[in-house]
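Working through the structure, step by step
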Amino acid sequence: VPYILCVSGRKVCATCTSRLVTMRGELAVLTCVGVVVLLFCSTTAKLKEGDCEVCIKFLTKFTDGLSSSEKDDAAVVEKKFREACAQAKKKENRFCYYVGGTEDAATGLVKEVVRPVTSSIPAEKICEKLKKLDSQICELKYDKQIDLKNVDLKKLRVKELKKILFDWEEECKGCVEKDDFVKRIEELKPRHVEL
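Let me sum up the structure you'll find in this document.

Definitions and cut-offs
- Residues numbered from 1 in each chain as written.
- Predicted model: local features only at pLDDT ≥ 70, side-chain atom pairs only at ≥ 80, totals over all residues.
- Heavy atoms only, no water.
- Disulfide = S-S within 2.5 Å.
- Salt bridge = Lys/Arg side-chain N within 4 Å of Asp/Glu carboxyl O.
- Helix = DSSP H or I, 4+ residues; strand = E, 2+ residues; numbered from the N terminus.
- Buried < 20%, exposed > 50% of the residue type's maximum accessible area, 1.4 Å probe, protein only.

**Considering the state of the cysteines**
For the structure on display, the rule yields four disulfides. Sulfur-sulfur distance for the disulfide between C172 and C175 comes to 1.5 Å. Across the S-S bond of C172 and C175 the torsion is about -50°, and the bridge reads as left-handed. Look at the chain and number its bonded cysteines as they come in the sequence; the links are 1-6, 2-5, 3-4, 7-8.

**A closer look at the pattern of salt bridges**
According to the stated counting rule, one finds 15 salt bridges in the structure shown. The residue K131 makes a salt bridge to D51 at a minimum N-O spacing of 3.0 Å. Of this pair, K131 sits in helix α7 (residues 123–133) while D51 is found in the loop between α1 (14–45) and α2 (53–64), placing the two residues 80 residues apart along the sequence. The exposure class assigned to K131 is buried, which follows from its relative accessible area of 18%. Of the charged contacts, one joins R82 and E78 as a salt bridge, the two residues approaching to 3.3 Å between their closest N and O atoms. Within this pair, R82 and its partner E78 are both found in helix α4 (residues 74–87), separated by four residues, close to a single helical turn. Looking at E78, the relative accessible area reads 17%, which means it is buried.

The following block contains the structure:
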């Protein structure tokens, strides 16, 4: 049997050395797998600051609008939720689509919203559970609002000016230059912005 001389000066057979190396390799792989599992569990377990912004706000507003007698009946909660989703716009409508609250939705997670609402579970916890089922629910964020009272419209991009008009459900026919959009927004400002 061939022997290998260790750093410590002892003789160790080559077969034992290869077994030891194999065991160390397996231990290293198991350690790596364990670390990955722990990291994955810790990132999906709790919501981070700013996560599920649309989900939390929509569900909080929805549950605050229900009476205590309505919260006790799952059928009523589901009906009211679908009604709220029918009224929802933009990001909130997208949230409703993801959970199955809209007519054109392909998913059916409404029961995952209704059941916790009837149990008076806070919106944050409901959204945390929904995130585990479909992560894109918590990726929704509201668009950054522009303070139209104090902003210099000439410093905004044309894309942002167009978005302001779109949010107001207004058009700018014949607008080609940035100054055209600025002028149109200034004309419409008294109707849409409280000064």
